[in-house]
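# Per-entry structural report
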Amino acid sequence: MIKRLLSRYQNLLIVLGLILTLGLAACGEPTPIPATAVPTKANTIPATIAPATNTVAVTATPVVIATAAPTVTRIPTTTTVPATTAVPVTTPAAVQNAPGEVLAFSAENAYNHVKVLASDIGIRLAGSENQKKAADYISKQFETFGLKATFQDSTFLLRVEKGSNLTVSGENTSAKVTLIYVGSGEPGQTNAELAYIAGDLAESDNFSGKVMLIQASNRSLSQIIQKIAAMPESSRPVALLIIPTQAEPLLPPNLRVAALPIAYIEQAAGQKLIERAGNETLKVTLNLKFDKSNAVIRNVIGTRPAAGNNPNAPVIIIGGHYDSVPAGPGANDNGSGTGITIELARVLTKAYPDVEFRFIAFDGEELGLIGSQYYVKQLSVAEKSRIQAMFNLDMVTTGQTLTVAGSKNLADIARTVVVNQGYRDTEIRTSTASDGSSDHASFAQANIPVLFFNRQSDPNYHRSSDTIDKFTSKPLEQVAQIMQATLKQLLSRG
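Going along each chain's sequence as written, the residues are numbered from 1 onward. In keeping with the model being predicted, local features are shown solely for residues with a pLDDT of at least 70 and side-chain atom pairs are shown and tallied solely at 80 or more, while totals for entire chains, interfaces and linings include all residues. Remark: hydrogens and water are excluded; side-chain values derive from all non-hydrogen atoms of the structure.

### With respect to the overall build of the chain
- Counting from the N terminus, the helices are DSSP H or I runs at least four residues long and the strands are E runs at least two residues long. Check the secondary structure of the chain and you find 15 helices and 17 strands.
- Note on classification: 1.4 Å probe, protein chains only; a residue is buried when its accessible area is under 20% of the maximum for its type, exposed when over 50%, partly exposed between these limits. Counting only residues that meet the buried cut, the chain has 47% of its 494 residues in that class.
- Whether two residues are in contact is decided by their heavy atoms: any pair within 4.5 Å suffices. Long-range pairs, those at least 24 residues apart, make up 80% of the contacts in the chain with a sequence separation of at least 6.
- Per element, the accessible surface of the chain, about 23,900 Å² overall, is 56% carbon and sulfur. Accessible surface area values rest on a Shrake-Rupley calculation with a 1.4 Å probe, where residue burial reflects the displayed protein chains alone.

### Digging into the sheet that holds strand β14 (residues 387-393)
- Paired strands, as defined in this entry, are two strands with at least two bridges between them according to DSSP. Strands sit in the order β2-β10-β13-β11-β14-β17-β15-β16 across an open sheet of eight strands; the sheet is mixed. On the outer flanks of this sheet lie β2 (148-161) and β16 (426-430), each paired with one strand and no other. For this sheet the average axis-to-axis angle between neighbouring strands, irrespective of direction, equals 15 degrees.
- Pairing analysis gives four bridges linking strand β15 (residues 402-406) to strand β17 (residues 450-454), with the strands arranged antiparallel. Directly across from Gly406, in β17, lies its bridge partner Leu451.
- Together, β11 (315-321), β13 (356-362), β14, β15, β16 and β17 form the strand contacts of helix α15 (residues 474-492), whose direction differs from that of β14 by roughly 175 degrees. Axis definition: a line fitted to C-alpha atoms, limited for helices to the stretch in contact. Angles are taken between N-to-C directions and run from 0 to 180 degrees.

### Remarks on the confidence of the model for the chain
- The pLDDT value expresses, per residue, how confident the predictor is, ranging between 0 and 100. Averaged over every residue, the pLDDT of the chain is 78; the share at 70 or more is 74%.
- Confidence drops under a pLDDT of 50 for residues 1-6, and excluding neighbours within four residues, the segment shows one contact in the predicted structure.
- Low pLDDT, under 50, characterises residues 18-97; the predicted model gives this stretch 31 contacts beyond four residues in sequence or across chains.

### Concerning the packing of aromatic side chains
- Each pair of aromatic rings taken from Phe, Tyr and Trp, with Trp reduced to its six-membered ring, is defined by centres within 6.5 Å and is described as stacked if the planes are under 30 degrees apart, edge-to-face if over 60, and tilted in the remaining cases. Under the counting rule described, the total for this entry stands at six aromatic pairs.
- Residues Phe362 and Tyr375 carry aromatic rings whose centres are separated by 6.2 Å and whose planes lie at 75 degrees to one another, so their mutual orientation is edge-to-face. In this pair, Phe362 sits in strand β13 while Tyr375 sits in helix α11 (residues 370-378), placing the two residues 13 residues apart along the sequence. Residue Phe362 shares its accessibility class with Tyr375, and that shared class is buried.
- Geometrically, the ring pair formed by Phe362 and Phe443 is edge-to-face, given 5.9 Å between the ring centres and 65 degrees between the ring planes. Placement of Phe362 in strand β13 and of Phe443 in helix α14 (residues 440-444) is noted, with a sequence separation of 81 residues between them. Of the two residues examined, Phe362 and Phe443, each falls in the buried class.
- An aromatic cluster is defined as three or more aromatic residues linked by ring pairs; in this entry it consists of Tyr352, Phe357 and Phe359.
- Working rule: Lys NZ or Arg CZ, within 6 Å of ring centre, within 35 degrees of ring normal, means a charge sits over the ring. The residue whose ring lies beneath Arg298 is Phe151, and the NZ or CZ to ring-centre distance is 4.4 Å.

### Quick look at the nonpolar core
- Side-chain atoms within 4.5 Å link the members of a nonpolar core, which is a set of buried Ala, Val, Leu, Ile, Met, Phe, Trp, Tyr and Cys residues. Counting 54 residues, the largest nonpolar core has Ile316, Ile318 and Phe453 as its most contacted members.
- A per-element tally of this core places α15 first, with nine residues.
- What Ile318 contacts, discounting residues up to four positions off in sequence, is Thr341, Leu344, Leu348, Phe357, Arg358, Phe359, Ile360, Phe391, Leu393 and Met483.
- Ala192, Leu213, Ala239 and Ala263 belong to the second largest nonpolar core, which has 21 residues in total.

### Topic: the sheet that holds strand β7 (residues 239-244)
- One closed barrel accounts for seven strands, arranged β3-β4-β8-β7-β6-β5-β9; its pairing is mixed. When the angles between neighbouring strand axes are averaged without regard to direction, this sheet yields 40 degrees.
- Where strand β3 (residues 165-168) lies against strand β4 (residues 174-181), three bridges are found, and the strand directions are antiparallel. Looking at β4, one finds that Leu166 is bridged to Ala175.
- Helix α9 (residues 267-277) contacts β3, β4, β5 (188-197), β6 (210-216), β7 and β8 (262-265) of the sheet and is inclined by roughly 115 degrees relative to β7.

Below, the structure is given as structure tokens:
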């Protein structure tokens, strides 16, 4: 009977045995099971127990998850090194991980540089002997700090006014005018109708064949010139006559584009012209008298190359113009910016080794940004792309409010710095490429990030009274601190 039972249930026992065997295999230690064990075992199971295969697959799934788990836990390990730290290494911003050796800024040093430029040397008109003395002094300072000092020269046509005047129809006397720009003109007479403009210029205005008379300050003159340049050539005036809004000479206009004579007339004579122009049509004769000569514009450049003379290193430019107007020695405008530039060249000599620093004293700013425009024009496309920032320091000591303006990224950083350091009487704003009439504008027009430091309310602006005794060294230090903190944050960003 037992034999009959065994015979009857033989097949059932075989199936149960197989199931038991498979169950024990699935419940054993997972680590000794090779990755191919499950598929191999499935292949050896007869087709008659296909349902058992489904059972094995379900119980084997946790084994697959368990062996895959280490891979999951390793993923965060590889991503803890942010991708941004690797990618920007090939970009200018990424290589700045350590500031290197940053020396302490000395306001006394900066002040002494201003003293040499404004008191010992004096008026530094572009193309003059004093300009050459100033260039030599700045160059020697750069060399003392271990920088590579070079001159960048360009020539321009210098016109020196020699007694120009304006004659009004019906008068026997003539009013003295001071020529400040003659474009491509020649000495001689310009006879035309006078057109007085009391308000803002409109695009529809037509001044063809006329001498335009307008009131303007030194600050607004460049904007007026830009609007005239934007007019159709057939609508432009033949000359521009400016009545100063202040009792000061309009020297110079910092022109971008101009091909017409520009002169200013003294306030008293100008007001008489305004009164008459409101009641009658005036014919005027502008007598241009000037001498012409070729002169040299000389930029002074101090270069601190990046480590290993890396030709692809990011570039930081710090500078300001060192020339002055003929009226005065330019202690604030711009001995102040030049003095800070020279001192920062010493302070940053060994700082941020992966950056190339260029400290530049620009010439010809007072004649229309000639030096900075020439410098930017000589830059290749590759060089422009390497420049992370151009910091321009111009008139930074005299006046209550310090204005810091420029490209949005740099202005935002400067705003954070000013707030964190608690500086008062400081205005931070974003400006456009055409905003401002100083050397940073040449760079902004080439889409290079800029930041401009300036105090506008200087009562000695473009006067003989712009002398070293008008300010102390404290404002020099404030400007340097804001600029250095902005630079540090900029270079620490990836």
